[in-house]
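Listed here are the chains, written in short residue letters.
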Amino acid sequence: MHLTVPVFASTLLMATVALDNGLMRRPPMGWLAWERFRCDIDCEHDPKNCIRQKLFTDMADRLSEDGWRELGYVYVNIDDCWASMQRDEHGRLQADPKRFPGGISRLSRYMHDRGLKLGIYGDMGTHTCGGYPGTPLNKIEIDAQTFADWEVDMLKFDGCYSNATEQEQGYPQMSKALNATGRPIAYSCSWPAYQGGLPPKVDYSLLAKICNLWRNYGDIQDSWESVLNIVDWFFENQEVLIAVAGPGRWNDPDMLIIGDFGLSMDQSRAQMAFWAIMAAPLFMSNDLRSISGGARNILQNKMAIGINQDPLGLQGRRILKEKSGIEVFWRQLSNDASALVFFSRRTDMPYRYQTALGKLNYTTGSYKVHDVFSETTMTLKESTSFVVSVNPTGVVMWYVSAPAKANRLHQFLGNARLRGLARDDLSNVIPPVFL
Ligand code: GLA
């Protein structure tokens with residue numbers, strides 16, 4: 001009785017703030033075709049890279065054989081340019097028959113047989129951004145049912161070729177239609193990105209009720225400039241965005257481009273760190289058949305993934321912007337732990353940034369600090385001054401454990417002694433939590 005009341009109350013509360021399909025309690029992870037493979041449909045001349053069945057089964061093979069799936073990268077998501085230019089005789093979308101000979105159901109079976117999930121792409125409007133058939137208002141139910149019949153697990157619903165009024169009707173309508181199919185289909189909404197990403201035009205409390213994740217901002221491109229532009233927008237607007245994120249409802253700054261052509265290793269670690277701090281979906285858009293060992297190590301870094309996937313689902317924030325070009329980011333994690341990221345905007349040389357945990361709002365105590373990318377560990381008191389060396393356009397990322405119990409006991413004993421208590425008296429005053 002004692003326990004049931006608060007559990008029931010919190011379930012009710014969640015039902016009012018997150019899309020109630022039970023999906024994506026942690027940020028989704030997987031692979032998405034768009035940034036790396038775009039709308040390459042020239043299978044005659046570019047069979048390896050064109051959008052067709054084989055590209056997705058190749059990626060599924062890599063996800064399941066190269067250690068990705070076990071780390072949580074389970075979605076294989078089709079983006080634009082998969083459809084045939086015509087609907088079928090029943091008015092249903094259909095896959096291009098040449099490029100997807102088994103249709104989408106064959107692909108979903110392929111994924112499910114390997115413990116993976118399949119995502120598909122649609123567009124609220126007359127056409128997709130790439131000019132393929134879209135889903136106008138009068139086709140929403142039939143398209144939701146078609147996706148469910150194909151046994152897909154996720155829908156990215158883009159917003160080209162529709163106006164604000166149509167979107168206001170269409171995005172909630174698709175959410176309802178997906179739920180009505182009875183198949184759990186995670187729902188990614190591009191709606192806010194088409195309306196500038198900010199209130200009052202964007203109603204984030206409504207989005208949290210109808211979508212599992214949403215694109216807030218423009219498309220990522222294969223460059224550091226693009227990553228930085230996205231990071232800047234998300235942290236400039238962090239107060240709005242943090243408030244709405246949580247289990248089952250995530251802000252989506254777009255794909256990871258680690259392993260492509262535009263980022264150095266330092267910049268790749270920076271993208272991974274920022275996406276972990278932001279509790280962002282981790283959809284890689286890269287070629288897993290030829291990815292470098294360096295990029296793979298970053299994407300498979302267990303501590304960075306653990307931070308991203310923290311069950312509390314609290315999106316992190318920028319806490320400091322120094323004149324030197326160093327910025328500090330922080331995210332609250334479960335078990336009283338936290339993550340810190342030191343980032344350098346400088347372009348000269350590694351910068352030796354001196355600070356102390358106490359200066360970064362940490363309370364009195366002794367903290368165990370794990371460096372996520374160098375995999376080293378140290379213990380720091382909040383008052384200890386330390387120096388981190390941050391490379392140009394790079395990061396240092398830490399997982400900071402809660403102050404150790406032993407240390408808190410030690411501190412408690414110290415304080416008790418200061419208060420003049422004899423050691424023998426202490427058994428009466430040591431709080432049970434330390435025993
Ligand atoms: C829009 C989306 C992209 C991608 C393309 C496909 O630009 O934002 O992520 O889906 O359309 O055409």
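Quick caveat, the model's predicted, so the values are computed rather than measured.

Side note on the pattern of salt bridges
In total, this model carries 24 salt bridges according to the counting rule given. A salt bridge links D260 to R36, with the shortest nitrogen-to-oxygen separation between them at 3.9 Å. Here R36 lies in helix α2 (residues 34–37) and D260 lies in the loop between β7 (250–252) and α11 (265–277), a separation of 224 residues in the sequence. With a closest N to O distance of 2.8 Å, K54 and D58 form a salt bridge. Remark: D58 and K54 occur in helix α3 (residues 53–65); sequence separation between them is four residues, near one turn of the helix. Since its relative accessible area comes to 42%, K54 is described here as partly exposed. For D58, a relative accessible area of 14% gives the class buried. It is possible to trace a salt-bridge network through shared partners that takes in D232, E236, R318, K321, E327 and R345.

Observations concerning the packing of helix α9 (residues 224–236) against α11
Where α9 contacts α11, the axes come no closer than 11 Å and their chain directions differ by 25°. In terms of their interaxial angle, α9 and α11 are classed as roughly parallel. The way α9 lies across α11 gives a crossing that is left-handed. The segment α9 lies against α11, with W224, V227, I230, V231 and F235 engaging Q267, A270, Q271, F274, W275 and I277. The class makeup of the residues in the contact of α9 with α11 is nine nonpolar, two polar and no charged.

Rules behind the numbers
All chains use their own residue numbering, which begins from 1 and follows the written sequence. Given that the model is predicted, a residue must reach a pLDDT of at least 70 before its local features are reported, and side-chain atom pairs must reach 80 or more before they are shown or counted; all residues, however, enter totals for whole chains, interfaces and linings. Each side-chain value is derived from all of the structure's non-hydrogen atoms; neither hydrogens nor water enter the calculation. Put simply, a salt bridge is a Lys or Arg side-chain nitrogen that is within 4 Å of an Asp or Glu carboxyl oxygen. The numbering of helices and of strands both runs from the N terminus, where a helix is a DSSP run of H or I of at least 4 residues and a strand a run of E of at least 2. Accessibility here uses a 1.4 Å probe with only protein chains present; expressed as a share of the type maximum, an area under 20% marks a residue as buried, one over 50% as exposed, and anything in between as partly exposed. Axis lines are fitted through C-alpha atoms, for helices just across the contact stretch, and the angle between N-to-C directions can take any value from 0 to 180 degrees. Angle categories are assigned with fixed cut-offs, so that under 35 degrees is roughly parallel, over 145 is roughly antiparallel, 65 to 115 is roughly perpendicular, and the rest are oblique. Two helices that cross are described as forming a left-handed crossing if the nearer one is turned anticlockwise from the farther one by less than a right angle, and a right-handed crossing if clockwise. A contact between two residues is defined here by any heavy atoms of the two lying within 4.5 Å. When residues are sorted by character, Ala, Val, Leu, Ile, Met, Phe, Trp, Tyr, Cys and Pro go into the nonpolar class, Asp, Glu, Lys and Arg into the charged class, and all the rest, Gly among them, into the polar class.

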